[in-house]
Amino acid sequence: MNRPFHFIIRNAGPGLIIQEALYGFIMALIFVVAVGVGILDVDRYTLLIMILGMNLTWGAIDMVVFYFVDEGEHRMMYRFVRDRQSAGKDTREFLRNHFDGTVLDSISDEDKERVYDIILESRPVDCKVYRSERLDLFLSAFSCFVTTALTVVPFMLCLLLIPNYDLALLCCCIMSTIIMFFLGYKLAPCMNHDNLRLGLAVALVGVLLTLIATFTGG
């Protein structure tokens, strides 16, 4: 895997990469299928502008939301450690709620309490360290935007390079489905899944959601 894609996957994580790629492909395919079955009547250039506008806009929205949500949680935990130290409070209930649905669900209750003990006995990092970590949060959110933006590439290639409009639409569908399959296939080991099963699952989910959304006004 080349460096740019490794950078994106490292910062966003395989789960978010698959999620954002599915968003991008599904949003674009809704327009493509709608044109193909006659729900929309637009030329290829208008279709391409619609795809670009939709994917770039929602990619940017996700980037902003992810950054502020992650930064807010980061800020909340920093203040929790800092203020708890000054007040000397034991707030295990806060930790239990915050770490619910994380890797701590995979360990015993006894080990969870040990983790909580370590956190409650820890000192907050220096403010400079805390602020520098915001860059990592931004890079993660930006990688999600880049992933969504990259999904427009196969649609651009098909719509701009294939003279026959109907064939271009068909190729958009085929290429995006193949890419979704290989995305799941390649990232499966990172998520402890079988390559073939995850590849098929990602492609199938993408196609099914596209069809449902297209014919239900999505």
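Details of the structure are given in the entry above.
This section reports on the structure supplied with the text. (Residues numbered from 1 in each chain as written. Predicted model: local features only at pLDDT ≥ 70, side-chain atom pairs only at ≥ 80, totals over all residues. Heavy atoms only, no water.)

**Focus on the packing of aromatic side chains**
If you walk through the whole model with that rule in mind, you get eight aromatic pairs. For the pair Phe25 and Phe155, a centre-to-centre distance of 6.3 Å together with 45 degrees between the ring planes defines the contact as tilted. In this pair, Phe25 is assigned in helix 2 (residues 14–36) and Phe155 in helix 7 (residues 153–161), connecting sequence segments 130 residues apart. On the numbers, 5.3 Å between centres and 75 degrees between planes, the contact of Tyr67 with Phe68 is edge-to-face. Under the relative-accessibility criterion, Tyr67 is labelled buried at 19%. Overall, the relative accessible area of 54% leaves Phe68 in the exposed class. Among the aromatic side chains, those forming a connected cluster through ring pairs are Tyr67, Phe68, Phe138, Phe142 and Phe145. (Phe/Tyr/Trp six-rings, centres within 6.5 Å; stacked < 30°, edge-to-face > 60°. Helix = DSSP H or I, 4+ residues; strand = E, 2+ residues; numbered from the N terminus. Buried < 20%, exposed > 50% of the residue type's maximum accessible area, 1.4 Å probe, protein only.)

**Observations concerning helix 2**
In an α-helix there are 3.6 residues to a turn, and that puts residues three or four apart on one side. Taking 1.5 Å of rise per residue, the 23 residues of helix 2 would be expected to cover 33 Å, and the 32 Å separating its terminal C-alpha atoms lies within 8% of that figure. Within helix 2, 18 of the 23 residues are buried, leaving the element largely enclosed by the surrounding structure. Within two residues after helix 2, Gly38 carries a phi angle of roughly 90 degrees, on the positive side. (Expected span 1.5 Å × (residues − 1).)

**Focus on the packing of helix 2 against helix 9 (residues 195–215)**
In contact at an axis separation of 9 Å, helix 2 and helix 9 are set at 40 degrees when each is read in the N-to-C sense. Of the possible angle classes, the one that applies to helix 2 and helix 9 is oblique. In the packing of helix 2 onto helix 9, the handedness of the crossing is right-handed. Residue-level contacts link Ile18, Leu22, Ile26, Leu29, Ile30, Val33 and Ala34 of helix 2 to Leu198, Val202, Val205, Gly206, Leu209, Thr210, Leu211, Ala213 and Thr214 of helix 9. Looking at the contact of helix 2 with helix 9, its residues break down into 13 nonpolar, three polar and no charged. (Axes fitted to C-alpha atoms, helices over the stretch in contact; angles between N-to-C directions. Parallel < 35°, antiparallel > 145°, perpendicular 65-115°, else oblique. Left-handed = near helix turned anticlockwise from the far one by under 90°. Contact = heavy atoms within 4.5 Å. Nonpolar A, V, L, I, M, F, W, Y, C, P; charged D, E, K, R; others polar.)

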